[in-house]
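Below, each chain spelled out in residue letters.
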Amino acid sequence: MTAPSPLEVRGLTRRYGALVAVDRLDLEVRPGEILGFLGPNGAGKTTTLRMCAGLLQPDEGAVAIAGHPLAGHGRQALARLGFVPDRPFLYERLSGAEFLELVGALYDVAPDDVRARVTDLAGRLEMTPALGDPIEGYSLGMRQKTALMAALLHDPVLLMLDEPLGGLDPHGARTLKDLLRERAARGLGVLVSTHLLEVAERLCDRVVILQSGRKRAEGSIDELRHGRGDQTLEDLFLELTREQEE
Amino acid sequence: MLAAGVLRGRFRLARASFRRSASRARPAWADLILVALLGSAMLYGTGVVFDRLASRGFTVADAGTVLGMILVSAFTALALFEVHLALTTLVLDSDLELLRVAPLSPVQLLAIKLFDAAPATGALFAVFSIPAILSFGRAYGLPAWAWAATPILLLGLWAVPLGIGMALSLLVLQVVPPRIVRETLGIISTLTVTVVLMANAFFMPRVAEDARAFAEALVVLGHRLAGLERWMPPLWATKALVLASASGTSNVVPSLGRVALVAAAGMASLAILAWVARHSLDPVMSRLASSPTRGRGRRDAIARIGRSRLGTGRSAALVRRDLRLFLREWPVLGDVAFAALLWPVAALLLPHLEEDASVLILQTLLLVLSIGMGMEIATRSVPLERDAVVWNRMAGVPSVRWALAKGTACAILALPVVAIAVVLLGLLLQVSRPAWVGAALVTLPALALSIGIGLWIGTRFADRSWTHPRGMIRLAGRLLSGILVLIQVGGWLVATQLLGTGPLILVPIAAAVALLVPLLMATAQCLDGQWEGV
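As the structure is a prediction and not an experimental result, all values here were calculated from the model. (Residues numbered from 1 in each chain as written. Chains lettered and ligands numbered in written order. Predicted model: local features only at pLDDT ≥ 70, side-chain atom pairs only at ≥ 80, totals over all residues. Heavy atoms only, no water.)

What follows covers the overall build of chain B. Per the secondary structure count, chain B includes 18 helices and 0 strands. Per-residue burial over chain B gives 51% buried out of 534 residues. Contacts spanning at least 24 positions in sequence make up 83% of the contacts within chain B whose residues lie at least 6 apart. (Helix = DSSP H or I, 4+ residues; strand = E, 2+ residues; numbered from the N terminus. Buried < 20%, exposed > 50% of the residue type's maximum accessible area, 1.4 Å probe, protein only. Contact = heavy atoms within 4.5 Å.)

Next comes the structure, spelled out in structure tokens:
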């Protein structure tokens, strides 16, 4: 029996009044895959990710994480998901360690396991010396690293990241990419929403290009390039999104 | 040119603030209504005082002593409140970075921020000083030229504490961390403004009822204020108004001279602020923009994970989180404690209770304190989480469990205060042991129910982008919360009076506990509907 896909989205739709932010979107993150989620500003990427994390209710469609539906409270689904939002939502007055302890408890991770994972992740992300400090003193990059550690504490089947590289220094960005590749190698799923096309090109197994809430293209970089010569992903992205605008 | 452009933008923003917006907790007209209500309370209180003084034959000099006291107290309160508001605007506004990189001089930047803070600082000033001067002028009469000079007096009195206070704050900010300065000012200003408002609007009219006692108090007060007259601009303003009221052409020049003195003091104060800003604003702003030093926290932070005495489960973690947040947000905790303690003080000011009604007094005070405390803590416990509240949803924590854990944390914080009040008030009022136990027995379910109601209000009316403890709940929520405190206290008092201390008292207690369940469910439902706003 094959393992269910870490993420399966069918006919996802979200409207804000007359604006259709996400329009009948189908999406799948396969086991062991890093899927890049690309699109211009306002394409509906963040809305999609938030619906997949249960923070927004879709008007239509369904989301399943590792085969568990997200509809209703979707606790089984949420327990298998790690989400790093575009803005890290952190408790400013807690220290990094206290925050991670809280998140570990919320995900029912045993304290010994939390300690072990925090030790490992904080070491790799160079966060160990800062974990005793209040989060309010953290820089944007440190906040993103803290949110990433929190999302990984329960070793989720699916990790979703919304613009994760924005505030990270080169070392942090490299560590993050290594972490994502390791997860994919273990058969887990990763969905990365990013504006950085070179990152998507180097990191992702497949990409989905979204525009005006609709899927514009999907496939591996090679598949998308097929019949278009030696185009870079940037050229491809601009061409695809320009075609749509026209 | 640039400053004019920025000012035009500020005017547009001010105009837009009157419209409803998702990013603003309440439109500006709601603030105006609140200012009008508080101003009316002050106008009523000071009107009663000056009318009584005039009808009982007190001289204009006596009335001037009272006016002087009101203006001095308002001046002191405003010195703190204005500075706190202006400082909050200067330190926390979202457009600060944008303005800092614009080619504006420190003085221009400060002027823009003072312009932003002016409606709030001016409104509070209007609430305190204008009603007192209006009431004095109505009771003792002021000539037209004095009324015409009054706006100059008011502007001077507004500018003096703002200029000196902000200048001192900028100097302090170079040494002390901004958060500590802002939060300390927040607590002190809340305390001072509330005490001044209550004293002038509620306490003074009652003191003025007894003419003899009031006359004696005036003599003492007059001596005290005389010593301060040389140093206090509000006393210069008072003297100007007293001289004007005494009429006679010989008083015009000395009176206007004092008006000019107040105006000069205001201008000098702003000039000092401009000088300090030119030298200190940039370093202070740079300090605000830089992050605090890192790596000073506990070295064994990771090793301490999961070592809490409260346990390691989900609910324990939620309770521990709330306790940590409350105990570290000490301005919020201070504001909660102060607001909760004000309820019993207000209860003491209003009714004339009989001296032998010690059981009723004990019961009333305990109910008011526990319900006020429960509501204040619970309503604020929700916005205290800010947007990080979404972790509860992302981790799939059932909302009812979240509400229960939050209620437990609120009870842990409120119970020690209520327990101390039960013991102290019982001893002070010397009530019998059965009455004492009965009062305590009713207090606990009243506290639990108030926490449940407070949580519901918190989830329904929280402003998660709050920058000040008083702004954590939207105005409608605060008004509703106040009304519900009164209804609960009234309900419990009626129930205890009707049912006595026998077994029948268990009926409302059981009902209160039963009501908690639907309340927590309603709270959970409100929370579930909030994720979209994050």
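Right, let's get into the overall build of chain A. If you tally the helices and strands in chain A, you get 9 helices and 10 strands. Rg of the C-alpha trace for chain A: 18 Å, near the compact-globule value of 18 Å for 246 residues, within the 12% margin. Seen along its three principal axes, the alpha-carbon backbone of chain A occupies a region of about 55 × 40 × 40 Å. Here chain A holds 246 residues, and 57% of them are scored as buried. Contacts in chain A between residues far apart in sequence, at least 24 positions, make up 67% of those at least 6 positions apart. About 9,900 Å² of surface is accessible on chain A, with carbon and sulfur atoms providing 48% of the total. (Rg over C-alpha atoms; globule rule 2.2 N^0.38 Å. Areas by Shrake-Rupley, 256 points an atom, 1.4 Å probe, with all protein chains shown as cover.)

Moving on, we get to the nonpolar core. By size, the foremost hydrophobic cluster in this structure holds 140 residues, and its most contacted members are A:Leu7, A:Leu131 and B:Trp391. At 11 residues, the largest contribution of residues to this core is made by helix 15 (residues 399–429) of chain B. Ignoring anything within four residues of it in the chain, the contact list for A:Leu7 reads A:Leu27, A:Glu28, A:Val29, A:Cys52, A:Val63, A:Ala64, A:Ile65, A:Leu158 and A:Leu191. (Core = buried A, V, L, I, M, F, W, Y, C linked by side-chain atoms within 4.5 Å.)

On to the interface of chain A and chain B. Chain A puts 46 residues into the contact, and the matching count from chain B is 45 residues. For the pair chain A and chain B, the summed buried surface comes to about 4,100 Å²; carbon and sulfur atoms form 59% of the total. Considering only the side of chain A, the residues that lose the most area to chain B are A:Tyr91, A:Arg93 and A:Leu106, jointly responsible for 20% of the buried surface there. Among the salt bridges present, the one from B:Arg324 reaches A:Glu101, with a minimum N-O distance of 3.3 Å. When residues of the side of chain A that touches chain B are traced back to their parent elements, those giving at least two are helix 2 (75–79), helix 3 (96–106), helix 4 (111–124) and helix 5 (140–152) of chain A. (Buried area = accessible area lost by both parts, 1.4 Å probe. Salt bridge = Lys/Arg side-chain N within 4 Å of Asp/Glu carboxyl O.)

Let us now look at the sheet that holds strand 7 (residues 158–162) of chain A. Residues and elements named next belong to chain A. Overall, mixed pairing links the 6 strands, which are arranged 6-7-8-3-9-10 in an open sheet. A single partner strand is all that each edge strand has here, and the edge strands are strand 6 (81–84) and strand 10 (214–219). The mean angle between the axes of side-by-side strands here comes to 15°, regardless of whether they run parallel or antiparallel. Inspection of the sheet shows strand 7 paired to strand 8 (residues 189–193) by 5 bridges, in the parallel sense. Bridge pairing links leucine 159 to valine 190 in strand 8. Those strands touched by helix 1 (residues 45–52) are strand 3 (34–38), strand 6, strand 7, strand 8 and strand 9 (206–211), and its axis lies near 150° from that of strand 7. Contacts from helix 6 (residues 170–185) reach strand 3, strand 7 and strand 8 within the one sheet, and its direction differs from that of strand 7 by about 150°. (Pairing = 2+ DSSP bridges. Axes fitted to C-alpha atoms, helices over the stretch in contact; angles between N-to-C directions.)

Attention now moves to the pairing of strand 6 of chain A. All names here are of chain A. Burial along strand 6 is two-sided: Leu81 and Phe83 facing one way and Gly82 and Val84 facing the other are all buried. Examined bridge by bridge, strand 6 and strand 7 share 4 bridges and lie parallel to one another. In the sheet register, phenylalanine 83 faces strand 7, and the bridge partner there is methionine 160.

Moving on to the confidence of the model for chain B. For chain B, mean pLDDT is 80; residues scoring 70 or higher make up 79% of the total. Here the prediction assigns the complex a pTM of 0.76, and the interface score ipTM is 0.91. (pLDDT = per-residue confidence, 0-100.)

Residues and elements named next belong to chain B. Between helix 13 (residues 358–381) and helix 16 (residues 433–461), the least distance of the axes is 7 Å, while the angle of their chain directions is 25°. Relative to helix 16, helix 13 is oriented roughly parallel. Helix-helix and strand crossings are classified by hand; for helix 13 and helix 16 the assignment is right-handed. Considering only residue class, the contact of helix 13 with helix 16 consists of 17 nonpolar, 10 polar and no charged. (Parallel < 35°, antiparallel > 145°, perpendicular 65-115°, else oblique. Left-handed = near helix turned anticlockwise from the far one by under 90°. Nonpolar A, V, L, I, M, F, W, Y, C, P; charged D, E, K, R; others polar.)

The tally for this structure, following the rule as stated, stands at 5 aromatic pairs over all chains. Look at A:Phe99 and B:Trp391: their rings are 5.4 Å apart centre to centre, the planes differ by 80°, and that puts the pair in the edge-to-face class. On the criterion of chain membership, the pair formed by A:Phe99 in helix 3 and B:Trp391 in helix 14 (residues 390–394) is interchain, its members lying in two chains. Judged by relative accessible area, which is 1%, B:Trp391 ranks as buried. Taking 6.5 Å as the distance between ring centres and 90° as the angle between the ring planes, the aromatic pair formed by B:Trp456 and B:Phe461 counts as edge-to-face. Among the residues examined, B:Trp456 registers a relative accessible area of 25% and is labelled partly exposed. Exposure remark for B:Phe461: the relative accessible area of 13% places this residue in the buried category. (Phe/Tyr/Trp six-rings, centres within 6.5 Å; stacked < 30°, edge-to-face > 60°.)

This brings us to the sheet that holds strand 5 (residues 68–69) of chain A. Within a beta sheet, neighbouring strands are joined by backbone hydrogen bonds and run either parallel or antiparallel to one another. Residue and element names in this part refer to chain A. Taken in spatial order, the 4 strands of this open sheet run 2-1-4-5, and their pairing is antiparallel. Whereas interior strands pair on both sides, the edge strands pair on one side only; in this sheet they are strand 2 (19–29) and strand 5. Where strand 1 (residues 7–16) meets strand 4 (residues 60–65), 5 bridges bridge the pair, whose relative direction is antiparallel. Opposite valine 9, over in strand 4, you have valine 63 as the bridge partner. Against the sheet, helix 1 touches strand 1, strand 2 and strand 4, its axis set at about 120° to strand 1.

Take the side chain of B:Thr46 next. Following the sequence through the fold, B:Thr46 ends up in helix 2 (residues 28–55). A polar contact is formed between the side chain of B:Thr46 and the backbone oxygen of B:Met42, at a distance of 2.7 Å. (Polar contact = N/O pair within 3.5 Å; in protein donor to acceptor, adjacent residues only side chain to side chain.)

A word on the pattern of salt bridges. Residue and element names in this part refer to chain B. For the structure on display, the rule yields 32 salt bridges over all chains. Close ionic contact of glutamate 385 with arginine 321 constitutes a salt bridge, the shortest N to O distance being 3.0 Å. Residue glutamate 385 is located in the loop between helix 13 and helix 14, and its partner arginine 321 is located in helix 11 (residues 314–328); the two are separated by 64 residues in the primary sequence.

This part covers the packing of helix 3 of chain A against helix 11 of chain B. The interhelical angle for the contact between helix 3 of chain A and helix 11 of chain B, taken along N-to-C directions, is 150°, at an axis separation of 8 Å. When the interaxial angle is binned, helix 3 of chain A and helix 11 of chain B end up roughly antiparallel. The hand of the helix 3 of chain A/helix 11 of chain B crossing is left-handed. Contacts between helix 3 of chain A and helix 11 of chain B involve A:Glu98, A:Glu101, A:Leu102, A:Ala105 and A:Leu106 from the first element and B:Arg314, B:Ala317, B:Leu318, B:Arg320, B:Arg321, B:Arg324 and B:Arg328 from the second. Of the residues that constitute the contact of helix 3 of chain A with helix 11 of chain B, the class distribution is 5 nonpolar, no polar and 7 charged.

Here we come to unusual backbone geometry. Residue and element names in this part refer to chain A. Positive phi outside glycine occurs at arginine 24, with the angle close to 45°. Even without being a glycine, glutamate 126 presents a positive backbone phi close to 60°. Topologically, glutamate 126 is positioned in the loop between helix 4 and helix 5.

Unfilled space is identified by rolling a water-sized probe across the atoms. Scanning all chains against the criterion turns up 4 cavities of 30 Å³ or more. What the largest cavity holds in volume is close to 70 Å³. In terms of lining residues, the largest cavity is bounded by A:Glu101, A:Gly104, A:Ala105, A:Val109, A:Ala110, A:Pro111, A:Val114, B:Ile305, B:Gly306, B:Thr312 and B:Arg320. Of the residues forming the lining of the largest cavity, the biggest block, 3 residues, is contributed by helix 3 of chain A. Considered class by class, the residues forming the lining of the largest cavity number 6 nonpolar, 3 polar and 2 charged. (1 Å grid on protein atoms, 1.4 Å probe; cavity = no way out; pocket = protein on both sides within 12 Å on 5 of 7 lines; lining within 4 Å. Points joined across faces, edges and corners; volume = space filled by probe spheres on them.)

Note that B:Ser280 resides in helix 10 (residues 252–289). Those residues within four positions of B:Ser280 in sequence are excluded, and the remaining contacts are B:Leu170, B:Leu171 and B:Gln174.

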